[in-house]
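Structural characterization, general
The chain contents come next:
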Amino acid sequence: MWQRLGSFVIKNRLVLLIILFAATGVMGFFASQVKLSYEFARAIPVDNPKYRDYKDFQQRFGDDGNVLVMGVKTDNFFKPDVFAAYYKLHKQLRKVEYVEEILSIPAAIGLVKDTLTDKLVPAKIFSDSVIEKGLLDSAKNAFLNLSFYKYKLYNPDEHAYLMAVRINKVALNSAKRTKIVEDITTAVKAFETETKIETHLSGLPLIRTVVGDRIKKEMSFFLIGSLVLSALILLIFFRSISTTLLSLLVVLFGVVWSLGILELCKYKISLLTALIPPLVVVIGIPNCIYFINKYHTSYLKSNNKNGALVDMVSKMGVVTLFCNITAAIGFAVFALTKSAILNEFGVVAGISIMVIFFVSFILLPSVLSYLPAPKEAQTRYLNNRWLTSFLLRIETWVMHHKKFVYGITIVVLIFSVIGILKIKSVAYIVDDLPKTDKIYTDLKFFETNFKGVMPLEIVLDTKKPKGILKSTVDINKIAFFQDSFLAKQNNIAKPLSVIDGIKFTYQAISEGQGDSTYTLPAFGNPLKDLHDKLRQVNVRKENAAMTAADSATLKLIGSFIDSTEQYLRISMNMEDIGTAALPSVVDSIKRNANRILNGIDSVDVKDTANTTYNVTVTGTSSTFLEGSRFIVNGLKESVFWAFILISFCMLYLFKSARILLCSLIPNLIPLVITAGVMGWAGVPLKPSTVLVFSVALGIAIDITIRFLVNYKQELPVYNNDINATVSATIKNTGLSIVYTSLVLIAGFVIFCFSGFGGTKALGWLTSVTLFVATLTNLILLPVLLLLVGSKKKSYKD
């Protein structure tokens, strides 16, 4: 069949080329429309309870991940020139388009009694005239006596000060966010230049924007780098510019198709899908090497160009098809997970790898048929002395040192298993960034001085409308939960809720100063007016007629209690504690919330009929880290399914359980060794590193297929003499296997130049896996074939 297909391609080459070029042109149009993703990747499926909790939170209270923070640390903050520059920065940031609100010390308000109405009204603590004249002492003392702002806008112990900038959600999820962050950064740098005070920027808007922009730049770098590197290796191997350009044309077509498929599927470029074009290059080049290598070998034997091309297609067509199928399976299994980001990556990568087969199958023989027959210089690589000597040494190991091969394999496996026991599964929001990166160091600044900036939310559900704070007892319970538990956590910043609004108001009413008066009223019910004011806020929100004074006074209340007065929000920031520590923190919060508020010492309350509150812990940080854990679990499952599906392919191809066993062992051992290396090197299991195993399995099995197919084809030639066939297969296939492995390893090594730790780990870990897979398939696989063959022969005898 494959010989007829080869003849068909050569006979109809012009028509097939026209169709291929036309189809690629259409896909090129779609590829030009693909866009970069500006939204958080949906790692958790939409039916996941934690995802639903977060969406419910967003509907009731809005987004929690749209605040960018700027911080400084100085003893001179309240000096007139520094404070004036800080206020100037506040006003400049307020002018940045899509900045909705800024919370900073110069704009801080206090509540003062209106002598005419005898009511509390908001007033700026630092008026413009006070700032302009530099008369800050009295205003400074008034501000420092308001405990509401302590550890929120400043840390008196470390002399650190914070400014929070809230950005429009819609703008953050669009290309506009780059300009927004650039404008904010420019203004902050101007302040730093003017005052000579080091500034720090952090928050999810900054992290998402900078990381997204770097992804876009790295995608271009890796694509160009992989093409250049592949071109150099091909030029060194084949010593032919036309052959090199033809191979590059194949992978360029594959890249265009992959981006076109991305757009047709209505997906966008994310951290994972950005890897697909370089991966297509890395996987497409081996197709070209194997096809062209077979063409050159056949031509040297027959000296017939068309016959060599037909032989190339007939011999390598089925091999390459199954190699691409197994590689596609290694990626496509991600589509079986419920994670949207993995699903998108799996679908596009799986389809793209199959497309590269059809492009190779049509383009290579068709174009080669128009080119002159290969010259002697172009086939000289087939007699490379170094590689020939290397393959002869391998043949010696296989034929005469089997016990040594087994012994080394067992020792390495034991060493690897010990390393596997050292692996930890943990991921952080910024763990893909180098420890010296400005984003990372700035985040650590806020964690040191303000216990982090990653949002974490607690939602208390009273289970009935207008059930919030119905009695003084409930107020005191919530206040006790905040003050006695949440505020004392080492990795959680000072919590904020409507309780703080009550304390803030009571401190103003009592005209108190300092922490001693920042408390709840000792008698009466202070919430009667609060409920009335809250209802006024909700009505005026609907009518869009809320006054500035009402906004300043009541926005805090309105943002922490929903419109039905059924749900109360306690907002906090936290450190980037990672996926390993997060569950215990969340469980501790829920357990103590239930113990204090419901009188039940339990993390999850099954019978909620007799409880006052249903407690939910959510927020961007929680869902992001939960998403990382979900991805890791999904990738583990994908490795299992890849193994099963690839096994079925191998069984169908060779129709032998013994050959199947021989083929799987040399490919499982590299995965075990890579996992062991991860353990010894301290590389944790996280989305980017677990990805290695499924990808490497799909690619490494290609080597096995090519070796075994050649072995199967050569066996009748050598009258079923297994020793002679294995020896011939090492010599005939070993050359192309070594060349292909070099290209694959070089293609993945280029990812080591990434600025993201995860992408870097993907590069060197996959390279290690492929290197080991090359050795196991050239050494251990032939040894196993000899072992199986000898047993089979003994059984027959």
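Here is what the cut-offs are and how they apply
- Residues numbered from 1 in each chain as written.
- Predicted model: local features only at pLDDT ≥ 70, side-chain atom pairs only at ≥ 80, totals over all residues.
- Heavy atoms only, no water.
- Salt bridge = Lys/Arg side-chain N within 4 Å of Asp/Glu carboxyl O.
- Pairing = 2+ DSSP bridges.
- Helix = DSSP H or I, 4+ residues; strand = E, 2+ residues; numbered from the N terminus.
- Axes fitted to C-alpha atoms, helices over the stretch in contact; angles between N-to-C directions.
- Core = buried A, V, L, I, M, F, W, Y, C linked by side-chain atoms within 4.5 Å.
- Buried < 20%, exposed > 50% of the residue type's maximum accessible area, 1.4 Å probe, protein only.
- Contact = heavy atoms within 4.5 Å.
- Left-handed = near helix turned anticlockwise from the far one by under 90°.
- Phe/Tyr/Trp six-rings, centres within 6.5 Å; stacked < 30°, edge-to-face > 60°.
- Lys NZ or Arg CZ within 6 Å of the ring centre and 35° of its normal.

A closer look at the pattern of salt bridges
Per the stated rule, a full pass over the model turns up 15 salt bridges. The partner of D128 in a salt bridge is K124, with the nearest N and O atoms 3.3 Å apart. In this structure, a network of salt bridges that share partners links the residues E100, E101 and R166.

Concerning the sheet that holds strand β10 (residues 614-618)
Taken together, the three strands give an open sheet; going across it, the order is β9-β8-β10, and neighbouring strands pair in antiparallel fashion. Both outer strands of the open sheet, β9 (567-574) and β10, are each paired with one neighbouring strand and no more. The sheet shows a mean angle of 20° between the axes of neighbouring strands, taken without regard to direction. Summarising the sheet, strand β8 (residues 454-461) and β9 pair through eight bridges and their orientation is antiparallel.

As for the nonpolar core
Core analysis: the largest hydrophobic core is formed by 256 residues, its most contacted members being I105, F126, Y149, I184, I458 and I589. The leading source of residues in this core is helix α24 (residues 687-714), at 16 residues. Aside from chain neighbours lying at most four places away, what touches Y149 is A108, I109, I125, F143, Y154 and F504. The next biggest cluster of nonpolar side chains, apart from the first, holds five residues, and it includes F57, F61, V459 and Y567.

Focus on the packing of helix α10 (residues 241-264) against helix α13 (residues 340-370)
Two numbers describe how α10 lies on α13: the axes approach to 9 Å, and their chain directions differ by 145°. For the pair α10 and α13, the sense of crossing is right-handed. Where α10 approaches α13, its residues L246, L249, V250, V251, F253, G254, W257, S258, I261 and L262 are matched on the opposing element by V348, I351, S352, V355, I356, V359, S360, L363, L364, V367 and L368.

As for the packing of aromatic side chains
For the structure shown, the criterion picks out 30 aromatic pairs. Between F143 and Y154, the ring centres sit 5.3 Å apart and the planes meet at 50°, which makes this aromatic pair tilted. Of this pair, F143 sits in helix α6 (residues 137-144) while Y154 sits in strand β5 (residues 154-155), placing them eleven residues apart in sequence. For the pair F143 and Y154, one class covers both residues: buried. Members of the aromatic cluster, joined through ring pairs, are F77, F78, F83, Y86, F126, F143, F148, Y149, Y154, Y161, F191 and F504. The ring of Y652 carries the charged tip of K655 above its face, separated from the ring centre by 4.6 Å.

Worth remembering: the numbers are spatial, not functional.
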